[in-house]
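Here's the letter readout for the chains.
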Amino acid sequence: MNDTMTLSIRMFGAFRKYHQGELTLDLPVGSTASTVKSAIAATLQQSNPAFGNSDLIEKSVLADNHRILPDDAKISSAVTLAILPPVCGG
Amino acid sequence: MNDTMTLSIRMFGAFRKYHQGELTLDLPVGSTASTVKSAIAATLQQSNPAFGNSDLIEKSVLADNHRILPDDAKISSAVTLAILPPVCGG
Amino acid sequence: MSGRNHMAVSSTPLSTEAAIHFVADDAHGAADMFVGTVRNHNLGKPVKGVSYDVFDELTLQTFNELASEARQKWGDNLNIFIEHYKGRLDIGGISIIIAVSSPHRDESFKACRFIIEEIKHRSPIWKQEHYLDGDSEWVQGHALCSHGPVSYDDEPAHAHCNH
Amino acid sequence: MSGRNHMAVSSTPLSTEAAIHFVADDAHGAADMFVGTVRNHNLGKPVKGVSYDVFDELTLQTFNELASEARQKWGDNLNIFIEHYKGRLDIGGISIIIAVSSPHRDESFKACRFIIEEIKHRSPIWKQEHYLDGDSEWVQGHALCSHGPVSYDDEPAHAHCNH
């Protein structure tokens, strides 16, 4: 019932300032994208107190390789996701 | 008083169908651009009866190397002018 | 600091590489380029080539006027490249290249579009199409106007000019 | 007959010649190309280079979506080339090339402009500026939106999307 899954989170853009490589998180199976984002923020803030002063996590979205995940999307297995801050390509 | 001048008229675009090279016209000094256009039309029609069936001359303007001449511009010396049909560059 | 102009009527093949190279600028983040080519059909008729007739002197003057007008509208620092081909081209041949660079993209896009629209109405250039069936015809165009420059922003101006 | 797509994220220098060559088409009379380059300043600060970070998989997917949307708006026959650079570029380096060809010019201009505007809002690409004074900073951008594609024609849509 309380099974956990291990998620790998790819960092992009400004998130690279706070973490090198992928971030590993253990979360309950079925956690929502919103919960995953909170867990990312909590983890990054632990190692980088400055992170808490930014509103980066609120402006960012979680995605897999095919789409951006709505906040209420449920993640039910160990996968690699990506945290995407505001974009500025071109 | 009735001095004449010799004008050379360069042909462009569809006018090339009716005359090869420059057209030479003898006209009174001080003739207007409008008069020159009429003289061009009369001369071309003489050698090409089909020319009269077109409205090419009405849609065309006279120019020197710097500007398009208004109908009432007076030409007071022997110069080279150009007759410019509707354009379609690009 | 005013931008650079390159304007030419050419009978050697036009180069897109030359256009982009000319407008490149360390202070500019954007360039837009328009390339006109000879299409294999027009008004339903198969075309095999096009001959361009150009009144060089006045055409170059209209190119310079258009560059000035574009700078008035979108910034003195625009770099502007305009070349038109003169002579015969086969299908796919490049008839015109316009390239504009600017610090930000909006100005490049707008100036490039403005210049091609105005050239089609104001520059003394004519096009003779050569059809697959052996015929050739001078393409109907826009009557020139002696009432001074007309504005692309004010489109009906072209229509008002009846000759 | 649907047009051709070339879409890539590349870490080798982008080529404008390749873009124009790719979209060239005997049935098309017009091509528009947008070139984005690294500018020597931003918001008043002297810049010496930029690093682009790209989420390749999703970026390529947005490029494909944008090509489909452009064809729905301006014609199935558009040929579309989109390449974005990934990695570090010096001043003048080309960060993006978009080229679109079409039978007539209006479609090329509009589709090219649409694609660059949408990429800036929808493609997961980030830019880190390197300043002359040795500092580096990730540039503030547009928050992505999980509410589905937003429309360039309907500009406020971007603003509605608050994360």
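Everything below is about the structure printed above this text.
Cut-offs applied
- Residues numbered from 1 in each chain as written.
- Chains lettered and ligands numbered in written order.
- Predicted model: local features only at pLDDT ≥ 70, side-chain atom pairs only at ≥ 80, totals over all residues.
- Heavy atoms only, no water.
- Pairing = 2+ DSSP bridges.
- Helix = DSSP H or I, 4+ residues; strand = E, 2+ residues; numbered from the N terminus.
- Axes fitted to C-alpha atoms, helices over the stretch in contact; angles between N-to-C directions.
- Contact = heavy atoms within 4.5 Å.
- Buried area = accessible area lost by both parts, 1.4 Å probe.
- Salt bridge = Lys/Arg side-chain N within 4 Å of Asp/Glu carboxyl O.
- Polar contact = N/O pair within 3.5 Å; in protein donor to acceptor, adjacent residues only side chain to side chain.
- Nonpolar A, V, L, I, M, F, W, Y, C, P; charged D, E, K, R; others polar.
- Left-handed = near helix turned anticlockwise from the far one by under 90°.
- Core = buried A, V, L, I, M, F, W, Y, C linked by side-chain atoms within 4.5 Å.
- Buried < 20%, exposed > 50% of the residue type's maximum accessible area, 1.4 Å probe, protein only.
- Phe/Tyr/Trp six-rings, centres within 6.5 Å; stacked < 30°, edge-to-face > 60°.

Q: Go over the sheet that holds strand S2 (residues 23-28) of chain A with me, naming the residues and quoting the values.
A: Residues and elements named next belong to chain A. The strand order across the open sheet built from four strands is S2-S1-S6-S4, with neighbouring strands paired in mixed fashion. Every interior strand has two partners, whereas the edge strands, S2 and strand S4 (61-63), have only one. Geometrically, the sheet is characterised by an average inter-axis angle of 35° between neighbouring strands, direction not taken into account. Here strand S1 (residues 4-11) pairs with strand S6 (residues 80-84) via four bridges, running parallel. The residue of S6 that forms the bridge with Met11 is Ile83. Along the sheet face, helix H1 (residues 33-47) touches S1, S2, S4 and S6 and points at about 130° away from the line of S2.

Q: Any chance you could break down the interface of chain D and chain C for me, citing the residues and the numbers?
A: On the side of chain C, 30 residues touch chain D, which itself brings 30 residues to the contact. Taken together, the two surfaces of chain D and chain C that pack against each other cover about 2600 Å², and 50% of this comes from carbon and sulfur. Ranking the residues of chain D by area buried against chain C places Arg39, Arg105 and Phe109 of chain D at the top, with a combined share of 24%. Viewed at the interface, chain C and chain D are joined by four salt bridges. Counting across the chain D and chain C interface gives 19 residue pairs in polar contact (both at pLDDT 80 or more). Looking at the side of chain D that touches chain C, the elements with two or more residues in it are helix H1 (16-23), strand S2 (30-37) and helix H3 (105-122) of chain D. Per-class residue counts for the side of chain D that touches chain C are 13 nonpolar, eight polar and nine charged. Where strand S2 (residues 30-37) of chain C lies against S2 of chain D, seven bridges are found, and the strand directions are antiparallel. By the bridge assignment for S2 of chain D, Ala31 of chain C is matched with Val35 of chain D.

Q: A description of the packing of helix H2 (residues 56-74) of chain D against H3 of chain D should follow, citing residues and the corresponding values.
A: Residues and elements named next belong to chain D. As a packed pair, H2 and H3 sit with axes 10 Å apart at the nearest point and diverge in direction by 145°. Considering only the axes of H2 and H3, their crossing is right-handed. Along its contact with H2, which presents Thr62, Phe63, Glu65, Leu66, Glu69, Ala70, Lys73 and Trp74, the element H3 presents Glu107, Lys110, Ala111, Phe114, Ile115, Glu118, Ile119 and Arg122.

Q: Quick one: what's the story with the nonpolar core, residue by residue and with numbers?
A: Ile98 and Ile115 of chain C together with Ile98 and Ile115 of chain D are the most contacted members of the largest nonpolar core, which totals 84 residues. Contacts of Ile115 of chain D, omitting those with residues within four sequence positions, involve Leu66, Ala70, Ile80, Ile82, Ile98 and Val100 of chain D.

Q: Hey, could you go over the packing of aromatic side chains for me, with residue numbers and the actual values?
A: Tallied over the full model, the rule gives 14 aromatic pairs over all chains. Note on Phe12 of chain B and Trp126 of chain C: the rings are 5.1 Å apart at their centroids and 20° apart in plane angle, and the pair reads as stacked. Of the two residues, Phe12 of chain B sits in the loop between strand S1 (4-11) and strand S2 (23-28) while Trp126 of chain C sits in strand S8 (residues 125-131), which places them in two different chains. Residues Phe12 of chain B and Trp126 of chain C agree in their burial class; the two are buried. Among the aromatic side chains, those forming a connected cluster through ring pairs are Phe12 of chain A together with Phe55 and Trp126 of chain D.

As far as function goes, none of this settles anything; it's purely spatial.
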